[in-house]
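# Observations on the three-dimensional arrangement
Here is how the chains run, residue by residue.
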Amino acid sequence: MASFASTIFYRVDKVCRHLPVALNTFLVFSITGEVSYLVLVEAPLEADQKKTEWSAWWKMIHLLAQYFMLGNICWNALLFLRTSPSIKGVFLGGEGMGQGWRYCYTCETHTPPRCSHCYDCKVCVLRRDHHCVFFGQCVGFRNYRYFLSCLLFMWSGLLYATLMNAEVFIVILKEGVTVHSVLLLLIPWIMLVSGQVSARAFAFAFIADTCVVGFLLVSAFFFFHLFLLFWGQTTREWYSSRRPYNLGLLGNLRHSLGFRWYLCWLCPLIPSPLPGDGINFQVTGSLEPTRILLGQ
């Protein structure tokens, strides 16, 4: 009986771990499909412009822009998931262990500075930043570039989608701010179930709401990680108010994104080798935290 229960728990846990990835994928492609519909069918709104050469070029430019962003989101996300940030397969070395090295009793090995154990991934991660619940994997030394690039294109894509959905908000609110229009924007699911709106109106309202909420959330994550990137910090180091590895703006960009930091954000296929090994770091400040970090 215990074995059966543990098997069920394991399978449920495995499904729950992949659920955020599946949900994100569904939302990304739903937003892309809705914006493509707006571009191809609904815009431009003026009837005399719908069949002009300007309209065709306008639609082509918009479609190229949005699928360029979609391609970068998907490819960066794929490489992020395929690039392991853990210590598995990494020779940590038994010599030269100095300040910052610790012993992980779970992995039963000495770990270098900025490395910590993730109890979700069940392994120590080099230059661990945090465990990303949306991807179900840790952000570390080797996959930080793909994580940040994915955030960049998600932010720009959601900004674009929000602007394109401005017409949806205008249509919903064209008769004024009524109880019906406000409820449609705030709780479209309830309005659909109660039969107050059509499935088409619900779909447009739901995706428009998702774009706005998603843009605000991704903006917070993206600009926070830009702040960390510029100061050469991880999330854990920021929480403990430490900046011992700050190499200056250009040094931090090169250390986190690679030698081609100025190009690698354009496409994940552009090679940008990292200057370090994720084990040894140049110390430029105090390693002592000014705030106590839980879990140390």
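Since we're looking at a predicted model, the values are computed, not measured. (Residues numbered from 1 in each chain as written. Predicted model: local features only at pLDDT ≥ 70, side-chain atom pairs only at ≥ 80, totals over all residues. Heavy atoms only, no water.)

### Here's the deal with the overall build of the chain
Counting secondary structure elements, the chain contains nine helices and six strands. Of all 296 residues assigned to the chain, the portion counted as buried reaches 41%. Expressed as a percentage of contacts within the chain between residues at least 6 apart in sequence, the contacts between residues at least 24 apart total 59%. (Helix = DSSP H or I, 4+ residues; strand = E, 2+ residues; numbered from the N terminus. Buried < 20%, exposed > 50% of the residue type's maximum accessible area, 1.4 Å probe, protein only. Contact = heavy atoms within 4.5 Å.)

### Topic: the state of the cysteines
The tally for this structure, following the rule as stated, stands at zero disulfides. Here C74 is not disulfide-linked; the sulfur of C150 is the nearest cysteine sulfur, at 8.2 Å. Looking at the unpaired C104, the closest cysteine sulfur is the one in C124, lying at 3.4 Å. The class of C104 is buried, set by a relative accessible area of 8%. (Disulfide = S-S within 2.5 Å.)

### Some details on the nonpolar core
In terms of nonpolar packing, the biggest core is built from 32 residues, with I31, V35, F147 and L229 touching the most fellow members. If you tally residues by element for this core, the top one is helix α3 (residues 144–164), at 11 residues. When residues no more than four places from it in sequence are discounted, the contact partners of V35 are Q66, Y160, A161, M164 and N165. In this structure, I87, V123, V125 and I279 belong to the second largest nonpolar core, which totals 13 residues. (Core = buried A, V, L, I, M, F, W, Y, C linked by side-chain atoms within 4.5 Å.)

### Quick word on helix α5 (residues 179–186)
Regarding α5, the residues found buried are S181, L184 and L185. Along the axis of α5, the buried residues cluster in a sector spanning 95°; they form a single face. Within α5, the exposed residues directed more than 90 degrees away from the buried face are V179 and L186. (Arc of directions from axis to C-beta.)

### Focus: the UniProt feature "transmembrane region" (unreviewed entry) in the chain
UniProt tags residues 21–40, 60–81, 144–163, 169–190 and 202–231 as "transmembrane region" (unreviewed entry). End C-alpha atoms of residues 21–40 are separated by 28 Å, and the span's content is 100% helix alongside 0% strand. Secondary structure over residues 60–81 splits into 100% helix and 0% strand, and the C-alpha atoms at its two ends are 31 Å apart. (UniProt positions renumbered as here; feature names shortened; annotations may be inferred.)

### What to know about the side chain of S272
Summarising the element assignment, S272 is placed in the segment after α9 (249–257). There is a polar contact of 3.1 Å between the side chain of S272 and the backbone nitrogen of R260. With near-sequence residues (within four places) excluded, S272 lies in contact with R145, L257, G258, F259, R260, W261 and C264. (Polar contact = N/O pair within 3.5 Å; in protein donor to acceptor, adjacent residues only side chain to side chain.)

### With respect to the pattern of salt bridges
Between side chains of opposite charge, pairing is possible as soon as their charged atoms come close. Under the defined criterion, the tally for this structure stands at one salt bridge. For E237, the salt bridge goes to R114, with nearest N and O atoms at 2.7 Å. One end of the pair, E237, is in helix α8 (residues 235–239); the other, R114, is in the loop between β2 (109–111) and β3 (116–118), with 123 residues separating them in the sequence. Accessibility expressed as a relative area gives 11% for R114, which makes it buried. (Salt bridge = Lys/Arg side-chain N within 4 Å of Asp/Glu carboxyl O.)

### Description of the packing of aromatic side chains
Per the counting criterion, the structure on display carries 17 aromatic pairs. By way of ring pairs, the aromatic residues F80, F135, Y144 and F147 are connected into one cluster. For R127, the ring lying beneath its charged end belongs to Y144, and the centroid distance is 5.3 Å. (Phe/Tyr/Trp six-rings, centres within 6.5 Å; stacked < 30°, edge-to-face > 60°. Lys NZ or Arg CZ within 6 Å of the ring centre and 35° of its normal.)

### Here's the deal with a nonpolar patch on the surface
A cluster of nonpolar side chains, contributed by V179, L183, L186, I187, W189 and I190, occupies part of the molecular surface with about 610 Å² of accessible area. Broken down by secondary-structure element, the contributors of at least two residues to the nonpolar patch are α5 and α6 (188–193). A per-element tally of the nonpolar patch places α5 first, with three residues. If you trace the backbone, W189 turns up in helix α6. (Patch = residues over 30% accessible without salt bridge, like charges linked within 9 Å, V, L, I, M, F, W, Y side chains within 5 Å. Areas by Shrake-Rupley, 256 points an atom, 1.4 Å probe, with all protein chains shown as cover.)

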